[in-house]
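Descriptive structure summary
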Amino acid sequence: MRAKFMDALYHTLCSQLPSHKQIVTLLEAEGEEVKELFDAADRVRASGVGNEVHLRGIIEFSNYCIKNCCYCGLRKSNKQLTRYRLTKHEILETAEKASSMGLKTIVLQSGEDPYYTGEVLAEMVIKLKSRLDIAITLSVGDRTRGEYQLFREAGTDRYLIKHETSNPSLFSRLRPGTNLQDRVERLTWLNELGYQVGSGCMVGLPGQGPDTLAGDILLMHRLGVEMAGIGPFIPHPHTPLSSYPGGGLEETMKVLAVTRLVLPQAHLPATTAVGSIHSDGRKLALCCGANVIMPNVTPMKYRPHYQIYPNKACLTDDTGDILDHLSLLITSLGRKVATDHGHSPNYKSLN
Ligand code: SAH
Ligand code: SF4
């Protein structure tokens with residue numbers, strides 16, 4: 001086992017794509033091997049993307065959703081959730097405040113909410129880009145290719161839409177009415193349209209094991225994604241998956257670390273989800289491959305209602321306090337808060 005692990009690690013560190021079997025071996029690291037894996041990922045992070053940590057402020061602007069994903073608290077069948085939408089004015093004001101605090105990326109995220117038509121979102125992006133020196137990421141789920149094109153032409157720089165799981169039957173069971181093939185096609189469209197594309201998966205989903213997780217990592221490599229959000233599945237009490245166990249910290253860190261080895265130049269966040277299952281979750285993630293944090297800048301009164309999963313980190317802190325706390329955390333690790341937009345290499349902005 002030890003020889004196999006060393007072989008898989010060495011192979012990957014020589015910039016060769018590991019096989020599915022080798023990735024499974026890395027994910028099954030035990031004892032001392034786990035530390036070796038994390039240290040290797042940290043070194044690859046330093047050489048691939050450097051010591052800076054990028055802060056991307058996320059505005060969760062609507063928790064309405066027409067989808068019924070079995071894992072998510074925003075699913076339309078959850079009648080116990082208080083729904084909200086930010087007005088255009090509130091979105092602008094929130095983004096202005098975040099930008100004035102030095103954030104160089106704003107992520108606009110929501111449930112799948114057709115209330116915000118393609119035109120409305122594109123106008124919003126145009127307005128934000130004309131007023132503020134920021135990169136914009138959209139994360140609003142499934143839209144048509146025409147809408148993705150509209151967002152891109154409006155100046156949207158990045159799009160986040162996780163593939164969630166590379167197991168096609170699990171994908172369709174967990175996301176009723178949708179399939180993995182369509183999701184992969186959307187990721188391909190986004191790439192063709194010139195976005196910096198973000199995918200990712202949850203770790204610890206029911207019925208998922210190292211085999212599927214190795215498939216997740218290889219799929220992200222095949223798609224050439226520039227960002228990958230890897231977070232633990234956290235069961236939500238008002239969903240069909242409420243009684244399943246969630247993903248573990250070490251398991252999530254291993255997937256993150258192997259993803260870093262396979263995608264040395266990708267932007268990998270220390271996710272809010274990993275910070276929600278362990279008080280040091282984000283710090284630990286920064287030490288095994290992550291180089292991004294996404295502080296929540298949503299107006300405080302709405303934050304408790306964006307309950308994708310329970311006990312989400314950052315539900316109470318003021319944006320200024322969160323940023324101070326994160327700066328301290330980052331400098332305590334001998335790293336620096338990035339001051340640029342944090343685009344991926346080779347990215348061409350449209351404005
Ligand atoms: N509606 C959009 C964006 C909001 S959901 C979309 O689905 O893409 C953003 C992410 O939250 C999803 O990609 C999913 O990976 C994550 N998520 C949802 N429910 C979760 C849960 N119970 N535990 C952990 N992550 C979850
Ligand atoms: Fe809606 Fe996204 Fe939650 Fe699915 S994961 S229910 S699309 S918010």
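This text follows the structure it describes.
This text gives an overview of the structure that appears in the document.

Definitions and limits used
Residues numbered from 1 in each chain as written. Chains lettered and ligands numbered in written order. Predicted model: local features only at pLDDT ≥ 70, side-chain atom pairs only at ≥ 80, totals over all residues. Heavy atoms only, no water. Near = heavy atom within 4 Å. Nonpolar A, V, L, I, M, F, W, Y, C, P; charged D, E, K, R; others polar. Patch = residues over 30% accessible without salt bridge, like charges linked within 9 Å, V, L, I, M, F, W, Y side chains within 5 Å. Areas by Shrake-Rupley, 256 points an atom, 1.4 Å probe, with all protein chains shown as cover. Salt bridge = Lys/Arg side-chain N within 4 Å of Asp/Glu carboxyl O. Lys, Arg positive; Asp, Glu negative; His and termini not counted. Charge placed at Lys NZ, Arg CZ, Asp CG, Glu CD. Helix = DSSP H or I, 4+ residues; strand = E, 2+ residues; numbered from the N terminus. Buried < 20%, exposed > 50% of the residue type's maximum accessible area, 1.4 Å probe, protein only. Contact = heavy atoms within 4.5 Å. Polar contact = N/O pair within 3.5 Å; in protein donor to acceptor, adjacent residues only side chain to side chain. 1 Å grid on protein atoms, 1.4 Å probe; cavity = no way out; pocket = protein on both sides within 12 Å on 5 of 7 lines; lining within 4 Å. Sits in = over half its atoms within 2 Å of the grid points. Phe/Tyr/Trp six-rings, centres within 6.5 Å; stacked < 30°, edge-to-face > 60°. Pairing = 2+ DSSP bridges. Axes fitted to C-alpha atoms, helices over the stretch in contact; angles between N-to-C directions.

1. Section: the site of ligand 2
- Residues in contact with ligand 2, as listed here, are Cys65, Lys67, Cys69, Tyr71, Cys72, Leu74, Arg75, Gly111, Glu112 and Arg175.
- Of the residues in the shell around ligand 2, the class split is five nonpolar, one polar and four charged.

2. Some details on a negative patch on the surface
- Among the surface-exposed residues, Asp317, Asp318, Asp321 and Asp324 lie close enough to one another that they form a single negatively charged patch.
- On the secondary structure map, Asp324 appears in helix H13 (residues 319-332).
- A relative accessible area of 51% places Asp324 in the exposed class.

3. Comments concerning the environment of Asn63
- Structurally, Asn63 is set in the loop between strand E2 (57-62) and helix H4 (88-100).
- The class of Asn63 is buried, set by a relative accessible area of 0%.
- Spatially, the C-alpha atom of Asn63 lies 8.6 Å from that of Thr82, the residues being 19 residues apart in sequence.
- Once you skip the residues sitting within four places of it in the chain, Asn63 turns out to touch Leu74, Leu81, Thr82, Arg83, Tyr84, His305 and Tyr306.
- Polar contacts involving the side chain of Asn63 include one to the main-chain carbonyl oxygen of His305, which spans 2.8 Å.

4. Quick notes on the site of ligand 1
- Close contacts around ligand 1 come from 15 residues, with Tyr71, Ser110, Glu164, Ile234 and Ile308 the closest.
- Within the contact set of ligand 1, a nitrogen atom lies 3.1 Å away from a backbone nitrogen or oxygen of Ser110.
- Burial of ligand 1 by the protein amounts to 92% of the accessible area it has alone, namely 540 Å².
- Under a 2 Å grid-point criterion requiring more than half of the atoms, the pocket assigned to ligand 1 is the largest cavity.
- For the shell around ligand 1, the class distribution of residues is nine nonpolar, four polar and two charged.

5. So, the packing of aromatic side chains
- This model, assessed by the stated rule, comprises six aromatic pairs.
- A centroid spacing of 4.8 Å and a plane angle of 20 degrees characterise the contact between Tyr84 and Tyr302, whose relative ring orientation is stacked. Of the two residues, Tyr84 is situated in the loop between E2 and H4 and Tyr302 in the loop between strand E8 (292-293) and H13; the sequence distance between them amounts to 218 residues.
- Residue classification places Tyr84 among the buried positions, given a relative accessible area of 5%.
- By relative accessible area, Tyr302 is classed as buried at 12%.
- Ring geometry for Tyr115 against Tyr116: centres 5.1 Å apart, planes inclined by 80 degrees, an arrangement best described as edge-to-face.

6. A word on the sheet that holds strand E7 (residues 227-232)
- Spatially, the six strands line up as an open sheet ordered E2-E3-E4-E5-E6-E7, and their pairing is parallel. Each of the sheet's edge strands pairs with one partner strand only, and the pair in question is E2 and E7. Put simply, the sheet's adjacent strands are angled 20 degrees from each other on average, direction ignored.
- Alignment of strand E3 (residues 105-110) against strand E4 (residues 135-139), held across five bridges, turns out to be parallel. In the sheet register, Ile106 faces E4, and the bridge partner there is Ile136.
- With respect to the sheet, helix H5 (residues 118-131) is in contact with E2, E3 and E4, its orientation differing from that of E4 by roughly 160 degrees.
- Contacts between helix H9 (residues 210-223) and the sheet are confined to strand E6 (196-203) and E7, with E6 contributing the most and set at about 180 degrees to the helix.

7. Here we look at the pairing of strand E1 (residues 52-55)
- Where E1 meets strand E9 (residues 336-337), two bridges bridge the pair, whose relative direction is parallel. By the bridge assignment for E9, Val53 is matched with Val337.

8. Let's talk about the sheet that holds E8
- Reading across from one edge, E8-E1-E9 is the order of the three strands in this open sheet, with parallel pairing throughout. Each edge of the open sheet carries a strand with a single partner, namely E8 and E9.
- Each of E1, E8 and E9 is contacted by H13, which is oriented at about 165 degrees to E1, the strand it contacts most.

9. Some details on the pattern of salt bridges
- Applying the stated criterion to the full structure yields 17 salt bridges.
- We note a salt bridge from Arg131 to Glu96, for which the minimum N-O separation is 3.3 Å. Remark: Glu96 occurs in helix H4 and Arg131 occurs in helix H5; sequence separation between them is 35 residues.
- A relative accessible area of 32% places Glu96 in the partly exposed class.
- Arg145 is paired through a salt bridge with Glu192; the nearest N and O atoms lie 2.6 Å apart.

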